[in-house]
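Tertiary structure, described
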Amino acid sequence: MTTLITPRDIAGIVAAHGLPALLQRLEAAITADFRRWGEFDKVARVASHSGAGVIELMPVADAHRYAFKYVNGHPGNHRLGLPTVMAFGVLADVATGRPEVLSELTLTTAMRTAATSVMAARALARPGARSMALVGNGAQSEFQALAFHHGLGIDRLALFDVDPAATRKLQRNLAGVAGLKLRVASSVADAVRGADIVTTVTADKRRATIVTPGMIEPGMHLNAVGGDCPGKPELAPGVLAGARVFVEYEPQSRIEGDVQQMPADFPVTELWRVLTWTADGRRSADEVTVFDSVGFALEDFSALSLVAELARGLQLGARIDLIPALADPRDLYGLLGVSERPGAAQVPGRLLAA
Ligand SMILES: NC(=O)c1ccc[n+]([C@@H]2O[C@H](COP(=O)([O-])OP(=O)(O)OC[C@H]3O[C@@H](n4cnc5c(N)ncnc54)[C@H](O)[C@@H]3O)[C@@H](O)[C@H]2O)c1
């Protein structure tokens with residue numbers, strides 16, 4: 001049997017463990033997997049583009065488990081009552097190929113993305129960073145805000161979105177968070193002014209440059225989450241040129257990240273190197289650092305593994321027979337229960353209770 005984990009199950013996990021603790025566990029799980037980078041079979045995700053958006057498949061495996069995620073990005077979806085980003089994924093046993101878990105990954109992606117952002121900022125932002133600009137106040141934004149507040153001690157947020165309704169929603173959802181001060185900014189420049197960390201998490205199909213060199217102050221760390229597709233960057237090339245840039249998986253980031261705008265030899269550092277102390281993170285208080293986040297399959301592998309373990313512990317998740325359990329594994333046809341004899345009764349095939 002395969003375990004099916006739904007958004008309701010994820011809400012149950014959050015209710016049982018609390019969001020701050022879950023984000024912390026996700027960060028720890030992703031960090032641990034990035035530290036064993038060499039053990040994974042990796043590939044840049046496969047993207048299928050259309051005029052409205054993109055649909056992507058993201059596979060990764062170690063010697064024991066294989067994971068993939070299906071995810072889309074359709075910035076106009078809110079007009080149809082659908083989220084911009086929707087996802088689900090599978091965790092399978094490498095030894096047999098059997099899919100063990102089929103899980104929602106829409107909520108899980110938002111949490112793993114925020115946890116990955118904090119993991120990067122822990123290595124790259126100035127110690128003592130307390131203020132953050134949050135540009136783009138859509139579905140991902142609460143998770144980014146709360147991960148940085150609980151994980152890194154960010155206590156002041158400046159919010160900006162081209163859609164004031166999105167900012168009002170974010171304010172409403174964060175209103176009860178103790179020790180977190182919110183300021184609604186009048187522009188990107190107003191939000192970014194004086195911020196220790198700048199998080200951009202916008203969605204737009206057009207090429208929209210959100211942050212320009214004139215906005216950058218010495219020592220800033222930029223967490224650029226929304227620029228994750230060809231033709232969809234958030235940072236002007238001059239911002240990247242003046243910074244040290246860190247990526248998840250270079251072959252994928254060169255295609256999808258903000259660094260797509262830079263020459264092929266523009267220097268980038270893969271984050272796992274910083275996490276394994278084989279490359280420097282921040283070198284000085286004045287340095288500008290950029291985490292050019294696009295989202296890598298390994299983050300979903302870590303998140304899927306963790307939510308599967310937590311669901312098991314809480315007895316959440318339905319057992320479904322996604323794959324037929326057969327009395328004779330070579331008699332797949334027998335499952336259909338059809339007879340070739342004309343007029344013969346159509347009886348259901350014999351399924352084993354697994
Ligand atoms: N890097 C990753 O791992 C990762 C993971 C998940 C999502 N994403 C990306 O993050 C982005 C946001 O995702 P979401 O689910 O929150 O989308 P969403 O549609 O719910 O929210 C996006 C928000 O950005 C705002 N926006 C658009 N253009 C803007 C601009 N020029 N200035 C300010 N605000 C602007 C929109 O009004 C909207 O409120 C998407 O581009 C998505 O692809 C990246």
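Look a little higher up for the structure.
Here the structure is a predicted model, which means the values were calculated and not measured.

Calculation rules
- Every chain is numbered independently, its residues counted from 1 as its sequence is written.
- Given that the model is predicted, a residue must reach a pLDDT of at least 70 before its local features are reported, and side-chain atom pairs must reach 80 or more before they are shown or counted; all residues, however, enter totals for whole chains, interfaces and linings.
- Neither water nor hydrogens contribute to the side-chain values; these are computed over all heavy atoms in the structure.
- For this purpose, a residue is taken to be near a molecule or strand whenever a single non-hydrogen atom of the residue falls within 4 Å of it.
- Think of a polar contact as two N or O atoms within 3.5 Å of one another; within protein, one of them needs to be a possible hydrogen donor and the other a possible acceptor, and neighboring residues in sequence only count if both atoms come from side chains.
- Throughout, the Shrake-Rupley method with a 1.4 Å probe supplies accessible areas, and for residues the shown protein chains are the sole cover considered.
- Only DSSP runs of H or I with at least four residues qualify as helices, and only runs of E with at least two residues qualify as strands; both kinds are numbered from the N terminus onward.
- Here the term charged refers only to Asp, Glu, Lys and Arg, the term nonpolar to Ala, Val, Leu, Ile, Met, Phe, Trp, Tyr, Cys and Pro, and the term polar to all other amino acids, Gly among them.
- A helix is expected to span 1.5 Å for every residue after the first.
- The buried label applies to any residue whose accessible area, calculated with a 1.4 Å probe on protein chains only, is under 20% of its type's maximum; exposed applies above 50%, and partly exposed to all values in between.
- Only when DSSP finds a minimum of two bridges between them are two strands counted as paired.
- Between rings of Phe, Tyr and Trp, where Trp is taken as its six-membered ring, a pair exists when centres lie within 6.5 Å; planes separated by under 30 degrees are stacked, by over 60 edge-to-face, and by other angles tilted.

1. Things to note about the site of the ligand
If you check the shell around the ligand, you find 26 residues, and the closest are Thr-84, Asp-161, Thr-202, Asp-228 and Lys-232. Contacts to the ligand include Val-294, whose backbone N or O atom sits 3.5 Å from a nitrogen atom. Gly-295 has a polar backbone atom sitting 3.3 Å from an oxygen atom of the ligand. Taken by itself the ligand offers 870 Å² of open surface, and the protein chains cover 88% of this. The element contributing the most residues to the shell around the ligand is helix H3 (residues 106-124), with three residues. Here the residues of the shell around the ligand are counted per class, giving ten nonpolar, ten polar and six charged.

2. Focus: helix H4 (residues 141-152)
Between the first and last C-alpha of H4 there are 16 Å, a value that for twelve residues agrees with the 16 Å anticipated at 1.5 Å per step. The buried fraction of H4 is high, at ten of twelve residues. Looking one or two residues beyond H4, the residue adopting positive phi is Gly-153, at roughly 80°.

3. Observations regarding the pairing of strand S3 (residues 54-61)
Most of S3 sits inside the fold, with six of its eight residues counted as buried. Remark: four residues form the turn of the hairpin made by strand S2 (residues 46-49) and S3, two consecutive strands paired antiparallel. Note: S3 against strand S4 (residues 65-73), eight bridges, orientation antiparallel. Following the sheet pairing, Met-58 is matched in S4 by Lys-69. Hairpin connection of S3 to S4: three residues between the antiparallel strands.

4. Observations concerning the packing of aromatic side chains
All chains considered together, the criterion is met by seven aromatic pairs. Seen in terms of ring centroids, Phe-34 and Trp-37 are 5.3 Å apart; in terms of plane orientation they differ by 50°. Their pairing is tilted. Taken together, a centroid distance of 5.6 Å and an interplanar angle of 40° make the contact between Trp-37 and Phe-296 tilted. One end of the pair, Trp-37, is in the loop between helix H2 (19-34) and S2; the other, Phe-296, is in the loop between strand S14 (289-292) and helix H10 (297-313), and 259 residues separate them in sequence. Of the aromatic side chains, those joined through ring pairs into one cluster are Phe-34, Trp-37, Tyr-249, Trp-272 and Phe-296.

5. Some thoughts on unusual backbone geometry
Unusually for a residue other than glycine, Trp-277 sits at a positive phi of about 60°. Mapped onto the elements, Trp-277 comes out in the loop between helix H9 (271-275) and S14. Located in the positive-phi region is Gln-315, a residue other than glycine, with phi close to 55°. Among the secondary structure elements, Gln-315 is positioned in the loop between H10 and strand S15 (318-320). Assessed through its relative accessible area of 73%, Gln-315 is described here as exposed.

6. Some points on the environment of Val-94
Positionally, Val-94 belongs in the loop between strand S5 (87-93) and strand S6 (99-104). Residues Val-94 and Tyr-66, 28 residues apart in the sequence, show an inter-C-alpha distance of 5.9 Å.

Note that every value here comes from positions in space, so none of it alone points to a role or purpose.
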